[in-house]
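Coordinate analysis (summary)
Here is how the chains run, residue by residue.
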Amino acid sequence: MSGSLALSVQMPGMLTTVQDSGRWSHQGQGMPVAGAMDMQSFRLGNILVGNEENAAALEVTLLGPTLEVTEGEAVAAVTGAELGFKVNGAPVPNWTAVTVRAGDVLGFGSPSFGCRAYLCISGGVDVPLVMGSRSTYTRAKVGGYEGRALKKGDTLRCGEAAPLWRRCEGLVCPAELRPSRDPSAPLRVLPGPQEDCFTDKGLASFYGTEYAISNSADRMGYRMDGEPIEHSGPADIISDAIPLGAVQVPGHGQPIVMLADRQTTGGYTKIGVVCSVDTSALAQRLPGAVVSFTRVALEEAVELVRGEARARDGLRAMRAAWRSSGARPVQARPSGSAIIRVDGVEHAVCWEEIEEVK
Amino acid sequence: MPDKVYPRLLGAGDGCLVVEYGEAIDMDVNRRVAALAASVREMGFPGFLDAVPTYRSLAVYFDPVVADVKALQRRLGGMMVSTGAGAGSSVRRVVVVPVLYGGDDGTDLENVAAHTGLAADEVVRRHSANDCYCYMLGFTPGFAYLGGMDPSLETPRLKNPRELIPAGSVGIAGKQTGIYSIASPGGWQLIGRTPMMMFDQDRDPAIFLEAGMWVRFRPVDRAEFDAVESATAGRTYRPEILEEESA
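Predicted model, so just to flag it, every value in this text is computed and none were measured.

1. Here's the deal with the packing of helix H1 (residues 39-48) of chain A against helix H4 (residues 298-324) of chain A
Axis angle and axis distance: for two packed helices, these are the angle between their axes and the distance between the axes, and together they describe the pair. Residue and element names in this part refer to chain A. At a minimum axis distance of 9 Å, the contact between H1 and H4 shows a crossing angle of 15°. In terms of their interaxial angle, H1 and H4 are classed as roughly parallel. Like other packed secondary-structure pairs, H1 and H4 cross with a definite hand, here right-handed. On H4, the residues touching Gln40, Arg43, Leu44, Asn46, Ile47 and Leu48 of H1 are Glu308, Ala311, Arg312, Leu315, Arg316 and Arg319. Looking at side-chain class alone, the contact of H1 with H4 contains five nonpolar, two polar and five charged residues.

Following this line, the structure appears as C-alpha cells:
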C-alpha cells in the first residue's frame, strides 16, 4: 500500500478551511458547532472517495486554492459549488472520484455556480481532533489547521484511507442523488421560538416579500436586506440558544440567517428557523442574490432531511456495487465469512444472514 | 395576546426543541433548566446531539433522521413538568478564579472607583467578596454569564470599545461582571486579569466551567499570578473547584 497523501499549499484561495460535520456537544459551554456549510455536498463527497461520511475535508470558497501533491496517492472528489476544479490544468468534473498522486497539482479556475465546494480525499484531512471535531472555527482559532484558513506554504496530511479506496476511482454521484441547488427556490422555514414577538404585518413582510443577501454574509450568518419586519414588542429577548438556520430579527427589522459558525446563544428574537437542508442551499448563494422564505410544517422539514439521508444511502449502495465489480471468491470460510480477491488483494467479507435464491 | 404558560415546549427547526421555564433572569428558573439539562443528558436517546442550557430555557439538539421528533416532543413535554428545581443538588460547586486586580491588565479599576465613589481597594474587596452564579455560557467558548455581583459596583461600559482585550481579563459592564475567555474586542471596564485560562483547546477539559457552578474571585499578587500563569502555560495548572453545602 502506498503512503497516505501529503499536500503543499501553493496558493491558499480566498478562504479554504478544514471542516467536518461540526463540533457537537459543547455548545452548553459556548463552543460553536462550525462544520461544513453545505453538509449534504460534503457528505456525498466523502462517500465518493470511500470515507466515512463525516471525515474532514477542505471547504473551498469561491476562489479555490492550488495544492501540490507532494507524497502518496489517493482518490479525491470535488462536490458542491462549481469552482473550476482541475488536476494538472485539465478540468475534472465535480461529483467524480479521481486518483491523484505525488507530483499532481490540484487547482481551481473561475467559479461558475455556487459558493462553497468540498475537496474530499480518501483518508480524510488529518488535523488534530479538538473537542471531538476537526472543524475550523476561525473566530476562536480552534480546530482545523492551526485554527485558521490555509496559507501559502502549509503542508496538509491525509489519514490512512479505508480499504478498497483505490476502487472508488471513476465513481460518479448521479444527478438525481445530488442536492437540488436551484438558486431561485424559496427557503423553507419552520416557525421560530419567538414567532409571537412579531405582528401579522411583520410576518407578512417576512413570508411575502423578497430579501437580498447583503455583503455581511459569511460562515457565521447571512444578513438580508428588504422590507423591515415589524415586532409586536421589544426586539431583544433574554439570551437563549441559536439553532442552525435561526432567522434572527434585531431592532432594525432586517433578518439574519444564522449558519455554521453562529454563536451558541444570542439575544435577538427568532421569527423562524430555515430547514437544515435549505441552510446548505443558502450557503451556495452569493451577496446580491434575492431569496424568499416560505413556511412549511415540521413533517415536511423532517422528510427533507430524511430524503438527503436516503440519497447518501443510495450513493453508498452504488459505491458498494462499483467497488465489488470484478471481485473473485477465493475461499469460503465457516461462520459467515469468505475471502474474495479484488485487484490481487484478498479481503474478508462477513455477513449476518443468508437468503435462499428463488 | 394571552399570557404565556410555563413551562412551554417550542419548536426551533428540524433538529431542535426548546423548553422555556419563564421570562426572567431568575435563579429558581435557571435551576429548573439545569435540572432538566441533567435529566436529558442522563436519559440520552438515539440521535441526541446536544443540550444547551441558557438563563431560562433548554435547547435540545438531535438528528431528525435518527430521532423520532413526535415521540421526543411528548417525552420532553412530560419531563419538563416533572423536573423540579434542582432536586437533590444541595452541594454547590465553586470555581476559584485568581485575579490580579488593577495594574496594566486592570486599567479601568480607577474608572470603576471614580464612578462608584469607592476606593480602588474597596472595589476589589467587594468584587471578590460575593460568589457569582454562572447562569449560562455563550458569546465565546468558555464565556460565563455571571449573576450576583455586588450592586454597588455597577458601572456602564466604556464609550469606546477596545479593539483587543487579552484573554482572562475581568471586567464590569453595567450590573454584570465577567471574564473574557478568548482575546476579543469589547467594551467592558477592565478591573484585573486572571492567569487561569477559561478556555484552552489543548487542555482536557478545554472549558471547566459549566452552567450552574459558582465563581469566586480571589485577589492574588504578582508573584502568585506569575506562578499560576506558568503552570497554565505548562498545562499543569488544576483549577481549585470547591464543593460546598449550600446555605
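2. Section: the side chain of His347(A)
All names here are of chain A. Its location among the elements puts His347 in strand E23 (residues 345-350). The exposure class of His347 is buried, given its relative accessible area of 18%. Leave out the neighbours within four places in its chain, and His347 touches Pro163, Leu164, Ala338, Ile339, Ile340 and Val342.

3. A look at the sheet that holds strand E2 (residues 16-19) of chain A
As a general point, the strands of a sheet are linked pairwise by backbone hydrogen bonds and lie either parallel or antiparallel. Residues and elements named next belong to chain A. Reading across from one edge, E2-E3-E10-E5-E8 is the order of the five strands in this open sheet, with antiparallel pairing throughout. Two strands lie at the open edges of the sheet, namely E2 and strand E8 (98-101), each paired on one side alone. Recorded for the sheet is a direction-independent mean angle of 30° between the axes of neighbouring strands. Across the sheet, H1 lies against E2, strand E3 (57-61), strand E5 (73-82) and strand E10 (113-121), angled at about 155° from E5, the strand it touches most.

4. Describing a nonpolar patch on the surface
Residues Val349(A), Trp351(A) and Ile354(A) make up a contiguous nonpolar surface patch of about 300 Å² in total accessible area. With respect to the element layout, Trp351(A) can be found in the segment after E23.

5. A closer look at the environment of Arg166(A)
All names here are of chain A. Position of Arg166 relative to the elements: it lies in the loop between strand E11 (155-157) and strand E12 (187-191). In sequence terms Arg166 and Gly50 are 116 residues apart; their C-alpha atoms lie 8.6 Å from each other. At 3.2 Å, the side chain of Arg166 and the side chain of Glu73 are in polar contact.

6. What about the packing of aromatic side chains?
Residue and element names in this part refer to chain B. Evaluation of the coordinates by the stated rule reveals 15 aromatic pairs over all chains. Pairing Tyr55 with Tyr145 gives two aromatic rings, centres 6.0 Å apart and planes at 70°, and the pair type is edge-to-face. Linking Tyr55 in the loop between strand E3 (48-53) and strand E4 (57-62) with Tyr145 in strand E7 (residues 144-147), this pair joins segments that are 90 residues apart in sequence. Residue Tyr55 shares its accessibility class with Tyr145, and that shared class is buried. Each member of the aromatic cluster is reached from another via a ring pair, and the members are Tyr55, Tyr133, Tyr135, Phe139, Phe143, Tyr145, Tyr180, Trp188 and Trp214. Here Arg92 stacks its cationic end above the ring of Trp214, 4.0 Å away from the centre of that ring. Above the ring of Phe225, the side-chain terminus of Arg222 is found at 5.3 Å from the ring centroid.

7. Examining the pattern of salt bridges
Going through the model one piece at a time under the given rule, you end up with 41 salt bridges over all chains. Salt-bridge contacts for Asp154(A) lead to Arg148(A); the nearest nitrogen and oxygen are separated by 2.9 Å. Across the pair Asp105(B) and Arg193(B) runs a salt bridge, and its minimum N-O distance is 3.0 Å. You can see Asp105(B) sitting in the loop between strand E5 (91-101) and helix H3 (109-116) and its partner Arg193(B) sitting in strand E12 (residues 189-193), a full 88 residues away along the chain. One salt-bridge network, held together by shared partners, links Asp196(A), Lys4(B), Arg8(B), Glu20(B), Glu23(B) and Arg56(B).

8. Digging into the domain arrangement of chain A
Residue and element names in this part refer to chain A. When its domains are assigned, chain A resolves into domain 1 (5-177) and domain 2 (187-301). Just the C-alpha atoms count here: the centres of domain 1 and domain 2 sit 29 Å apart. Listed per partner, the contact involves 23 residues of domain 1 and 15 residues of domain 2. Between domain 1 and domain 2, the buried area comes to about 1,500 Å², and carbon and sulfur atoms account for 49% of it. The three residues of domain 1 that bury the most area against domain 2 are Met37, Arg116 and Arg139, which together make up 38% of that side's buried surface. For the pair domain 1 and domain 2, the interface holds two salt bridges. Two residues, Arg219 and Glu59, come together in a salt bridge whose shortest N-O distance is 2.8 Å. Applying the counting rule to domain 1 against domain 2 returns 11 residue pairs in polar contact (both at pLDDT 80 or more). Those elements that place two or more of their residues in the side of domain 1 that touches domain 2 are H1, E5 and E10.

9. So, H3(B)
Residue and element names in this part refer to chain B. Along H3, the positions that sit buried rather than exposed are Leu109, Val112, Ala113 and Thr116. Looking straight down H3, one finds that the buried residues subtend no more than 100° of arc, so they occupy a single side. Along H3, the residues that are exposed and aim more than 90 degrees away from the buried face are Glu110 and Ala114. The secondary structure elements touched by the buried residues of H3 are helix H4 (120-129), strand E9 (169-173) and E12. A positive backbone phi angle near 75° is found at Gly117, which sits one or two residues after H3.

10. Structural notes on the nonpolar core
Across soluble globular proteins, nonpolar side chains show a tendency to be buried alongside one another. Core analysis: the biggest nonpolar cluster contains 45 residues, and Tyr222(A), Met224(A), Val257(A), Ile271(A), Leu282(A), Val291(A) and Phe293(A) have the highest contact counts within it. Sort the elements by how many residues they give to this core and H1(A) lands first, with five residues. Viewed by domain, this core spans two of them, domain 1 (5-177) and domain 2 (187-301) of chain A, each represented by three or more residues. Not counting residues up to four positions away in its chain, the partners in contact with Tyr222(A) are Met37(A), Arg116(A), Ile213(A), Ser216(A), Ala217(A), Pro255(A), Ile256(A), Val257(A), Leu259(A), Leu282(A), Ala283(A) and Arg285(A). Among the nonpolar cores identified, the runner-up in size contains 43 residues, and Ala34(A), Ala140(A), Ala206(B) and Leu209(B) belong to it.

Conventions and cut-offs
Residues numbered from 1 in each chain as written. Chains lettered and ligands numbered in written order. Predicted model: local features only at pLDDT ≥ 70, side-chain atom pairs only at ≥ 80, totals over all residues. Heavy atoms only, no water. Axes fitted to C-alpha atoms, helices over the stretch in contact; angles between N-to-C directions. Helix = DSSP H or I, 4+ residues; strand = E, 2+ residues; numbered from the N terminus. Parallel < 35°, antiparallel > 145°, perpendicular 65-115°, else oblique. Left-handed = near helix turned anticlockwise from the far one by under 90°. Contact = heavy atoms within 4.5 Å. Nonpolar A, V, L, I, M, F, W, Y, C, P; charged D, E, K, R; others polar. Buried < 20%, exposed > 50% of the residue type's maximum accessible area, 1.4 Å probe, protein only. Pairing = 2+ DSSP bridges. Patch = residues over 30% accessible without salt bridge, like charges linked within 9 Å, V, L, I, M, F, W, Y side chains within 5 Å. Areas by Shrake-Rupley, 256 points an atom, 1.4 Å probe, with all protein chains shown as cover. Salt bridge = Lys/Arg side-chain N within 4 Å of Asp/Glu carboxyl O. Polar contact = N/O pair within 3.5 Å; in protein donor to acceptor, adjacent residues only side chain to side chain. Phe/Tyr/Trp six-rings, centres within 6.5 Å; stacked < 30°, edge-to-face > 60°. Lys NZ or Arg CZ within 6 Å of the ring centre and 35° of its normal. Domains from an automatic or database assignment. Buried area = accessible area lost by both parts, 1.4 Å probe. Arc of directions from axis to C-beta. Core = buried A, V, L, I, M, F, W, Y, C linked by side-chain atoms within 4.5 Å.

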